[in-house]
Structure formats: C-alpha cells, structure tokens
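Residue-level listing of the chains:
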Amino acid sequence: MKKIALLALSCILITACSKQESVKQSEFMLDTICTITVYNENNKEKTADELISEAFELCSDYENILSRTIEGSDVYNINNAGGNPIEVSDCTIEILEAAKYYSELSDGAFDITTAPLSILWDFEGDDPHVPAAEDIETEKAKIDYTKIKIEGNTVTLEAPVEAIDLGAIAKGYITDKLAEYLTENGVTSAIISLGGNIYAIGENEIDDRPFNLGIQDPKAEDGSIIGYVTTADKSLVTSGDYQRYFEEDGVRYHHILDPATGYPADSGVCSVTIISDKSVDGDALSTSCFVLGLDEGMELINSLDGIDAVFIDNDGNMYFSDGFENGEIEYTSADSAE
Ligand code: ADP
Ligand code: MG
C-alpha cells in the first residue's frame, strides 16, 4: 500500500517537473493594470518571479521620471519650470524626440502639448466634465509641439506651450524597455501587458505555438475579445473610446482629444489597434490614427514599413491594413476561434 502511494507520488513529481508552467504577476502601475507572464526563461541565477519583480521595479523607475503628476519627475519639472530650461534624463529626451516625430508624421493629430486641455477636461480626476467653450479655446491655443525645444539634455517649453503629457506614448516606450530587459536576462517566451499595450516575446513555448494577442470588442461592456492577431516578437496597442470616458447628458466623452477642435476626437472610429515591432511606435500611432480616422489613418499605416493596423468604426465594421491582406499577419475572429 505504502509502496503504491510512493510510486504515485513520484509520478506526480515527474509530471510536475516535465510540464512547464507560466509565471504571472500583476501590479497597478502607470494608472492601469500591468501584467507580465513568463512562459520560459534560461536564466541560471534568477527565477521567473524574480525577473518579473525586477521588470516591475524598472517600470516604476520609468514612471517616476515620465509621469506628469509625480512631483520631481522630469515631466513635472519641465511643466513647472515657468519656461526656463530643465535638465532631464536620456530616456526623457528619447521619448520627446519620438513624440515630435509622430507629431510631424500625423500633421499634429498627435501632440503631447495637448496636456492643458486634458487637464481642463479632467478625465483622470474626480470631476470630469464638459468645459465651457471659451475655456476650451483658451487651452487649445497652448498646443504647439514645435515649441518644445531640446538642446542636449535640456528641455524648454516656449510660449504659448505650458505643459506636456506623455500618456499617449510612455506605456509603449516602457513596454519596449521591459521587453529588452527580460530578453537580455534570458526570457525567451513572455507576454507584457501594460493596460492596452501588449508585447509578445517569442512564441508560447509551453503550448509550442505563436501567441494569439486579443483585440477587445469596443462595443462589449465585459471586455470580451473580438478577435486575435497571431504573432511573435511584436507589439499590439489599442486606443479606444471605451478605455477612459465619462457620460454627460447621454453623450460619451472619451480621453483622446483632437488638438484641432479641443474636443474628444470624433473621426468615426471607436478603436484602432496597431501591430508593430516597437511598442513606442504602436502607442503613438494608435492615438494618432484614432484622431485621424479611417481614411487618413489607414493611408498613413500602409505607407509605413512593418506596421499594421485594425480599425473598428462606430458601426462595428472592421478594416485591416495591407499586411493582413497579403498574409504577413494573421487575424482570427473570436467566433471562429471557439
Ligand atoms: P491610453 O493611454 O488610454 O492607452 P492613448 O495611448 O491613446 O490611450 O493616450 C491617451 C492619453 O494621451 C490621454 O489620456 C491624454 O493624456 C493624452 N492625449 C489625449 N489626446 C492626445 C493627442 N491628440 N495627442 C497626444 N496625447 C494625447
Ligand atoms: Mg497611444
């Protein structure tokens, strides 16, 4: 009897050793839920749990530099300098250069100097509301990305610009840094998810297949998935009107603002997902395309190498970029995946 029990136990141990398991941790950071799941790593000194914890520490370091609201961050210092030059870290310069590039590419649809307007609408605060039209005009006049002056590691906001906010690009930038860190430390299979920013490192080495990254159904209240993009070593970022919004008099006001009007972008799309190698590109482009809308946005995406997109319009129609049409990327709807 005892022998049988022992034999059974050893079988369980062998199965436990041969069957890999994923290791997952979640934290509330960057004003959203961040989750890192490691499916495989070859680090002899550190466990997957330790590597994930270190990645979250790195995430917190970046948040302390790039957040608009954390006192003493680079962005806080830039916004509170009263127009004087401020010395900042290399990563802030790198992200500001990327933001400027996407402002130029999107013809100003993407603009981190929209900050005073976002503050006026108060999407992140306790009292989001539709501001008075004249206040919108006043804050709108403070938008102009060309007034961010960068010299070496020094940043100056010139009039009329008063503040910047990296909310539309920082999560993508940080996602790339975490992916780099985990890869350098022997992680070969993992998913990083910082709110709407997802990055797949390698393939799913437990199930031995590429990762299926889900696109949320913008019309479903329960966060269910409308379809999957099959990919390895790619980022998938979505900007949607359902992510942060408030309702007033039956109208939904969401947090992606059109710098040209000062009001939430009303381009006819409710969700834009970008698939790219770098998440910083996906983050900036998802916001840009949300403002630009389907025609201009899709034209922009199809003009860029190695970048693809899925647009969903207000009627729920889906539109796919050239990479899907010519078979470079695969999409499976949730209905047919079941
Ligand atoms: P999320 O951060 O919810 O994933 P986005 O990446 O689209 O969504 O970024 C939205 C955030 O970016 C807003 O909360 C605001 O801080 C800022 N923002 C809003 N409109 C713009 C814009 N047109 N260009 C750049 N940043 C913007
Ligand atoms: Mg974005």
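About the criteria used
- Residues numbered from 1 in each chain as written.
- Chains lettered and ligands numbered in written order.
- Predicted model: local features only at pLDDT ≥ 70, side-chain atom pairs only at ≥ 80, totals over all residues.
- Heavy atoms only, no water.
- Helix = DSSP H or I, 4+ residues; strand = E, 2+ residues; numbered from the N terminus.
- Rg over C-alpha atoms; globule rule 2.2 N^0.38 Å.
- Buried < 20%, exposed > 50% of the residue type's maximum accessible area, 1.4 Å probe, protein only.
- Contact = heavy atoms within 4.5 Å.
- Core = buried A, V, L, I, M, F, W, Y, C linked by side-chain atoms within 4.5 Å.
- Near = heavy atom within 4 Å.
- Polar contact = N/O pair within 3.5 Å; in protein donor to acceptor, adjacent residues only side chain to side chain.
- Areas by Shrake-Rupley, 256 points an atom, 1.4 Å probe, with all protein chains shown as cover.
- Nonpolar A, V, L, I, M, F, W, Y, C, P; charged D, E, K, R; others polar.
- Pairing = 2+ DSSP bridges.
- Axes fitted to C-alpha atoms, helices over the stretch in contact; angles between N-to-C directions.
- Salt bridge = Lys/Arg side-chain N within 4 Å of Asp/Glu carboxyl O.

Enquirer: What should I look at first to understand the overall build of the chain in this one?
Expert: The helix and strand inventory of the chain stands at 11 helices and 16 strands. Over its C-alpha trace the chain gives a radius of gyration of 22 Å, about what one expects of a compact globule, namely 20 Å for 338 residues. Counting only C-alpha atoms, the chain reaches 85 × 45 × 40 Å along its principal axes. Sorting the 338 residues of the chain into buried and exposed places 48% on the buried side.

Enquirer: How should I be thinking about the environment of Ile-198 in this particular structure?
Expert: If you trace the backbone, Ile-198 turns up in strand β7 (residues 197-201). Accessibility expressed as a relative area gives 16% for Ile-198, which makes it buried. Distance from Ile-198 to Ala-141, taken between C-alpha atoms, is 34 Å for residues 57 residues apart in sequence. Not counting the four nearest positions on each side in its chain, Ile-198 is found in contact with Ile-191, Ile-192, Ser-193, Leu-213, Gly-214, Lys-234, Ser-235 and Leu-236.

Enquirer: Explain the nonpolar core here, please?
Expert: Across soluble globular proteins, nonpolar side chains show a tendency to be buried alongside one another. Formed by 66 residues in total, the largest nonpolar core has its most connected members in Ile-36, Leu-66, Leu-166, Ile-169, Ile-174 and Ile-192. The dominant element in this core, judged by the number of residues it contributes, is helix α2 (residues 48-66), at 8 residues. Within the second largest apolar cluster, 16 residues are counted, among which are Ile-226, Leu-236, Val-310 and Ile-312.

Enquirer: Before we go on, may I ask you to explain the site of ligand 1 in this structure?
Expert: Lining the immediate environment of ligand 1, one finds 18 residues, of which Lys-171, Ser-239, His-255, Leu-257 and Thr-287 sit closest. Note that an oxygen atom of ligand 1 is positioned 2.8 Å from one of the side-chain N or O atoms of His-255. Within the complex, the protein chains bury 94% of what would otherwise be the 570 Å² of accessible surface of ligand 1. Residues that form the shell around ligand 1 fall into these classes: 6 nonpolar, 7 polar and 5 charged.

Enquirer: Just to check I follow, could you spell out the sheet that holds strand β3 (residues 86-87) for this structure?
Expert: As a general point, the strands of a sheet are linked pairwise by backbone hydrogen bonds and lie either parallel or antiparallel. Strand order in this open sheet of 3 strands is β3-β5-β4, and the pairing throughout is antiparallel. Two strands close off the open sheet at either side, each with one partner strand: β3 and β4 (148-151). Looking at chain direction, β3 and strand β5 (residues 154-157) are connected through 2 bridges and run antiparallel. Bridge assignment links Ile-86 to a residue of β5, and that residue is Val-155.

Enquirer: Explanation requested: the sheet that holds strand β16 (residues 330-333) in the structure shown.
Expert: Reading across the sheet, the 3 strands line up as β8-β9-β16 and stay open at both edges, with antiparallel pairing between neighbours. Single-partner strands in this sheet number two, and they are β8 (211-216) and β16. Pairwise comparison of adjacent strand axes, ignoring direction, gives a mean angle of 30 degrees for this sheet. Summarising the sheet, strand β9 (residues 225-231) and β16 pair through 4 bridges and their orientation is antiparallel. Residue pairing across strands places Tyr-228 opposite Thr-332, the latter belonging to β16.

Enquirer: Got a minute to help me understand the pattern of salt bridges in this structure?
Expert: Side-chain pairs of opposite charge can arise whenever the charged atoms involved come near each other. Considering all chains together, one arrives at 11 salt bridges under this definition. For Arg-68, the salt bridge is made with Asp-165, and the minimal N-O distance between the two is 2.7 Å. Here the residue Arg-68 occupies a position in the loop between α2 and α3 (74-79), and Asp-165 occupies one in the loop between β5 and α7 (170-184), the gap between them amounting to 97 residues. The exposure class assigned to Arg-68 is partly exposed, which follows from its relative accessible area of 22%. Using a relative accessible area of 21% as the deciding quantity, one classes Asp-165 as partly exposed. With a shortest N-O distance of 3.2 Å, Glu-162 and Lys-142 are connected by a salt bridge. Here Lys-142 lies in the loop between α6 (133-140) and β4 and Glu-162 lies in the loop between β5 and α7, a separation of 20 residues in the sequence. Residue Lys-142 is classed as buried on the basis of its relative accessible area of 15%.

Enquirer: Teacher, can you tell me more about the pairing of strand β14 (residues 308-313) here?
Expert: Both faces of the sheet carry side chains from a regular strand, because those side chains alternate between them. For β14, the tally of buried residues reaches 6 of 6 residues, placing the bulk of the element in the interior. Burial of the side chains of β14 extends over both faces: Asp-308, Val-310 and Ile-312 are buried on one face and Ala-309, Phe-311 and Asp-313 on the other. Judged from the 6 bridges that link them, strand β13 (residues 269-276) and β14 form a sheet pairing that is antiparallel. Residue Val-269 lies in a different strand from β14, and its bridge partner there is Asp-313. Taken together, the 3 bridges between β14 and strand β15 (residues 318-320) define a ladder with antiparallel strand orientation.

Enquirer: Explain the side chain of Asp-241 here, please?
Expert: Among the structural elements, Asp-241 can be located in the loop between β10 (235-240) and β11 (245-248). Of the residues examined, Asp-241 reaches a relative accessible area of 13% and is grouped as buried. With residues up to four places along the chain from it excluded, the contact list for Asp-241 reads Arg-252, His-254, Cys-270 and Phe-290.

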